[in-house]
Amino acid sequence: MTLPVPSLPDLLPTGPARFLGWSMIADPMVAGFLARAGFDAVLLDQQHGAYDYKSSCAAITEVALAGKSSLVRVPVGDFAMVSRMLDAGAAGVVAPMINTVADAEALAAAAKFPPVGQRSWGPDRAMWLSGLRNGADYLAGANDRALTIAMCETESGIANLEAILVVPGIDGVLVGPADLSIALSKGAAIDPLGSAVTAALSEIARKTRAAGKIPCAFAPSPARAREMVAMGYQLVSVEYDALTIVNAFARVLCEADPSRADV
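Cut-offs used in this document
- Residues numbered from 1 in each chain as written.
- Predicted model: local features only at pLDDT ≥ 70, side-chain atom pairs only at ≥ 80, totals over all residues.
- Heavy atoms only, no water.
- Axes fitted to C-alpha atoms, helices over the stretch in contact; angles between N-to-C directions.
- Helix = DSSP H or I, 4+ residues; strand = E, 2+ residues; numbered from the N terminus.
- Left-handed = near helix turned anticlockwise from the far one by under 90°.
- Contact = heavy atoms within 4.5 Å.
- Nonpolar A, V, L, I, M, F, W, Y, C, P; charged D, E, K, R; others polar.
- Parallel < 35°, antiparallel > 145°, perpendicular 65-115°, else oblique.
- Phe/Tyr/Trp six-rings, centres within 6.5 Å; stacked < 30°, edge-to-face > 60°.
- Buried < 20%, exposed > 50% of the residue type's maximum accessible area, 1.4 Å probe, protein only.
- Lys NZ or Arg CZ within 6 Å of the ring centre and 35° of its normal.
- Pairing = 2+ DSSP bridges.

Looking at this model, I keep getting lost on the packing of helix 4 (residues 79-87) against helix 5 (residues 101-111). Mind explaining?
Packed helix pairs are specified by the crossing angle of their axes together with the interaxial distance, meaning the distance between the axes. At a minimum axis separation of 8 Å, helix 4 and helix 5 run at an interaxial angle of 30°. Classified by chirality, the crossing of helix 5 by helix 4 is right-handed. Across from F79, V82, S83 and L86 in helix 4, the residues of helix 5 making contact are D103, A106, L107, A110 and A111. Each residue belonging to the contact of helix 4 with helix 5 can be placed in one class, and the counts come to seven nonpolar, one polar and one charged.

Please explain unusual backbone geometry as it appears in this structure.
In terms of backbone geometry, most residues other than glycine have negative phi values and most peptide bonds are trans. For the bond from P114 to P115, the omega torsion is 10°, close enough to zero to count as cis. The residue P115 is located in the loop between helix 5 and helix 6 (124-130) in this model. Residues other than glycine seldom take positive phi values, yet K186 does so here, at roughly 55°. With respect to the helices and strands, K186 occurs in the loop between helix 10 (177-184) and helix 11 (195-210). Here E239, not a glycine, exhibits a phi torsion of approximately 60°, which is positive.

What should I look at first to understand the packing of helix 2 (residues 28-37) against helix 3 (residues 53-65) in this one?
The geometry of helix 2 relative to helix 3 is characterised by a closest axis approach of 8 Å and an angle of 30° between their N-to-C directions. The angle between helix 2 and helix 3 falls in the class roughly parallel. The two elements helix 2 and helix 3 cross, and the hand of that crossing is right-handed. Along the contact surface, helix 2 presents P28, A31, G32, A35 and R36, while helix 3 presents A58, A59, E62, V63 and L65.

Explanation requested: the packing of aromatic side chains in the structure shown.
When we look at a pair of aromatic rings, we describe it by the centre distance and by the angle of the planes. All chains considered together, the criterion is met by four aromatic pairs. Measuring from ring centre to ring centre gives 5.1 Å for W22 and F218, while their planes differ by 80°; the resulting arrangement is edge-to-face. Placement of the pair is W22 in strand 1 (residues 18-23) and F218 in the loop between strand 7 (214-217) and helix 12 (222-231), with a sequence separation of 196 residues. Under the relative-accessibility criterion, F218 is labelled buried at 18%. Relative to W121, the ring of F113 lies with its centre 5.6 Å away and its plane at 40°, an arrangement referred to as tilted. Members of the aromatic cluster, joined through ring pairs, are W22, F218 and Y240. Sitting over the face of the ring of Y53, R84 holds its NZ or CZ atom 3.8 Å from the ring centroid.

When you look at the sheet that holds strand 3 (residues 69-73) in this model, what are you seeing that I'm missing?
Taken together, the eight strands give a closed barrel; going around it, the order is 1-2-3-4-5-6-7-8, and neighbouring strands pair in parallel fashion. Direction aside, neighbouring strands of the sheet carry axes that sit 25° apart on average. The pairing of strand 1 with strand 2 (residues 41-45) spans four bridges and is parallel. What sits directly across from G21, in strand 2, is V42. Packing of helix 5 onto the sheet brings it into contact with strand 4 (92-95) and strand 5 (147-152), and relative to strand 5 it is tilted by some 155°.

Honestly, the side chain of S181 in this entry has me stumped. Any pointers?
Examined against the element boundaries, S181 turns out to sit in helix 10. Here S181 is in contact with A189, I190, D191, P192 and V197, once residues within four sequence places are set aside.

Here's what the structure looks like:
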């Protein structure tokens, strides 16, 4: 057992780009596999994945056993879950649909202790995973340790990005290219690799780094992940667990029976 787990702010933003394992399958073993595969951190997805509070707690522990940190993407507007996941030992949270300064302030209030936010006290598991047994020691560094990431995935989010980035307690943004493509096309298309999305991704990374915050992104493929790193993103996912598993099974089946390649 490897404890304490590393703090993500200790890895970001001054070092090289880091890679994020994205888990939608609510099984702690899968999250652990991602951590042991070498990803720098693992995101547990409650928004579009199958994770809930209980399965997230189990996965946070499994990832910690591999010596890695977990992020949790909470459901839209579920700021109560933000505090619960940080208390459970998540190294940070990702909140979708942070479109305004008011949204960002509500997120920071749930994620940070006073004077930055309004998070209440109850971090028993978080203290254990951090290696800090003394409450005063944990409190002194908790706001710096808890990475608070706002998603930028709508036209209003882009328009308000610079104002969102200066909200105290917001540590960075994460871009979902598929959602961004739907927003930019006004619902006409899903085109996460399109030129409009690529241009928006580049500008979001530039503005986020200029504000001294951490740009993060979801990448649907290794090639896109490399492009995002070149744009300046510092924490980038590579596919997600269900997609990788399906592709792997399809590949080995086609190797066994090439006639299935066009199925």
